[in-house]
Amino acid sequence: MTEPKNTDATRRGAEQLTLRFGHEEARGRDDLLVSDPLAAAVAMIDRWPEWPSPVVILAGPVGSGKSHLASIWRERAHAVDIVPLMGSGASEQAAAGPVIFEDADRIAFDETELFHVINSVRQHGKHLLMTSRLWPMSWPVTLPDLKSRLKAATTVEIGEPDEDLLSQVIVKLFADRQLYTDDKLVAYIVNRMERSLEAAQTIVDRLDRLALARGTRITRPLAAEVLNALGKDDQPD
């Protein structure tokens, strides 16, 4: 049998195939690294069910940790995911137990139904957690009663992750894969990456799989290649 030639095209194909598969992200409370930008939101999740109001909104930029915190609360509270639309039964679910509505500023919802959801959790002693990139007062809400309910909710702001947190996250992500990397390489990555936990996850995942595909160690040139590729991916078409 003739062995296939190890051409550059073959290598690129193997790399692309390898990069298609994601690494499962750790979402447990013990996997959460807490820094100042995240501290208030973590404290709120840990405080449940002793919340200051039935409705809590986590507001922060993409990749700031909202989804991780929502995942922790979902498991802890046995919460049900909802999208407040007419006929969805969201308000009935809210009357029965804790509910969660993620990306409220990006997913279309019915204002009247969300108003009923909030009323349900208030009347039945339940809780609603919402996540958003924007503060609720910036949502395009026109129903006065819903505006009033959102104003009464407890909104916790999550800031962008700082360099110290990003460094800790990257070290942990590498450790989860049983990979060693030195502090200089971590600093090189952090100084050149987008300031988000999502970006950290993507970078480590790509570095891991690219190094595996090429049979090499994770080095600064490899990190530069991945960072440059991500920069090009972010450019508009």
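Residues numbered from 1 in each chain as written. Predicted model: local features only at pLDDT ≥ 70, side-chain atom pairs only at ≥ 80, totals over all residues. Heavy atoms only, no water.

A.B. asks: Can you break down the packing of helix 7 (residues 163-176) against helix 8 (residues 183-190) residue by residue, with the values?
C.D. replies: Interhelical geometry of helix 7 versus helix 8 gives an angle of 125° and a closest axis separation of 10 Å. It follows from the interaxial angle that helix 7 and helix 8 lie oblique. The way helix 7 lies across helix 8 gives a crossing that is right-handed. Residues Glu-163, Leu-166, Ser-167, Ile-170 and Val-171 of helix 7 form the contact with helix 8, whose own contacting residues are Val-186, Ile-189 and Val-190. (Axes fitted to C-alpha atoms, helices over the stretch in contact; angles between N-to-C directions. Helix = DSSP H or I, 4+ residues; strand = E, 2+ residues; numbered from the N terminus. Parallel < 35°, antiparallel > 145°, perpendicular 65-115°, else oblique. Left-handed = near helix turned anticlockwise from the far one by under 90°. Contact = heavy atoms within 4.5 Å.)

A.B. asks: Tell me about the environment of Val-42, residues and numbers included.
C.D. replies: Topologically, Val-42 is positioned in helix 2 (residues 36-47). Sequence separation between Val-42 and Ile-72 is 30 residues, and the spatial gap between their C-alpha atoms is 9.8 Å.

A.B. asks: Let's hear about the nonpolar core: which residues, and what values?
C.D. replies: Counting residues in hydrophobic clusters, the biggest one holds 27 residues, and the most contacted among them are Ile-170, Ile-189, Met-193, Ile-203 and Leu-207. Top element by residues in this core is helix 9 (residues 197-214). It accounts for eight residues. Setting aside anything within four residues of it in sequence, one finds Met-193 in contact with Leu-166, Ile-170, Ala-199, Ala-200, Ile-203 and Leu-227. Within the second largest apolar cluster, 21 residues are counted, among which are Val-55, Ala-94, Phe-101 and Ala-153. (Core = buried A, V, L, I, M, F, W, Y, C linked by side-chain atoms within 4.5 Å. Buried < 20%, exposed > 50% of the residue type's maximum accessible area, 1.4 Å probe, protein only.)

A.B. asks: Summarise a nonpolar patch on the surface; cite the residues concerned and give the values.
C.D. replies: A cluster of nonpolar side chains, contributed by Val-83, Leu-85 and Ile-107, occupies part of the molecular surface with about 200 Å² of accessible area. With respect to the helices and strands, Ile-107 occurs in the loop between strand 3 (99-101) and helix 5 (111-124). (Patch = residues over 30% accessible without salt bridge, like charges linked within 9 Å, V, L, I, M, F, W, Y side chains within 5 Å. Areas by Shrake-Rupley, 256 points an atom, 1.4 Å probe, with all protein chains shown as cover. Salt bridge = Lys/Arg side-chain N within 4 Å of Asp/Glu carboxyl O.)

A.B. asks: Describe the packing of helix 5 against helix 6 (residues 144-152), and please don't skip the residues or the numbers.
C.D. replies: As a packed pair, helix 5 and helix 6 sit with axes 9 Å apart at the nearest point and diverge in direction by 45°. Comparing the axis directions of helix 5 and helix 6 gives the class oblique. For the pair helix 5 and helix 6, the crossing hand works out as left-handed. The segment helix 5 lies against helix 6, with Glu-111, Leu-114, Phe-115, Ile-118, Asn-119 and Arg-122 engaging Asp-145, Leu-146, Arg-149 and Leu-150. Residue composition of the contact of helix 5 with helix 6, by class: five nonpolar, one polar and four charged. (Nonpolar A, V, L, I, M, F, W, Y, C, P; charged D, E, K, R; others polar.)

A.B. asks: Outline the side chain of Asp-105, listing residues and values.
C.D. replies: On the secondary structure map, Asp-105 appears in the loop between strand 3 and helix 5. With relative accessibility at 17%, the residue Asp-105 sits in the buried group. A polar atom in the side chain of Asp-105 sits 3.4 Å from the side chain of Ser-132. Discounting residues that sit within four places of it in the chain, Asp-105 has contacts with Ser-132, Arg-133, Leu-134 and Trp-139. (Polar contact = N/O pair within 3.5 Å; in protein donor to acceptor, adjacent residues only side chain to side chain.)

A.B. asks: With reference to specific residues and values, describe the pattern of salt bridges.
C.D. replies: Side chains carrying opposite charge are able to pair once their charged atoms draw close together. Applying the stated criterion across every chain yields a total of 11 salt bridges. We note a salt bridge from Lys-172 to Asp-176, for which the minimum N-O separation is 3.2 Å. Here Lys-172 pairs with Asp-176, and both are found in helix 7, just four residues apart, close to one helical turn. Across the pair Arg-209 and Asp-205 runs a salt bridge, and its minimum N-O distance is 3.3 Å. A residue pair is termed a helical-turn pair when its members lie 3 or 4 positions apart in one helix, as Arg-209 and Asp-205 do in helix 9 at four residues. In this structure, Arg-209 and Asp-205 share a single accessibility class: buried. One salt-bridge network, held together by shared partners, links Arg-177, Asp-205, Asp-208 and Arg-209.

A.B. asks: Break down the sheet that holds strand 3 for me, citing the residues and quoting the values.
C.D. replies: Pairing is parallel across the open sheet formed by five strands, whose spatial order is 2-3-4-1-5. If you trace the sheet from one side to the other, it starts and ends with strand 2 (80-81) and strand 5 (154-157), each paired once. Sheet topology note: the strand 3/strand 4 (residues 128-132) ladder contains three bridges and is parallel. By the bridge assignment, Val-99 is partnered in strand 4 with Leu-128. (Pairing = 2+ DSSP bridges.)

On their own, these measurements won't tell you what the molecule is for.
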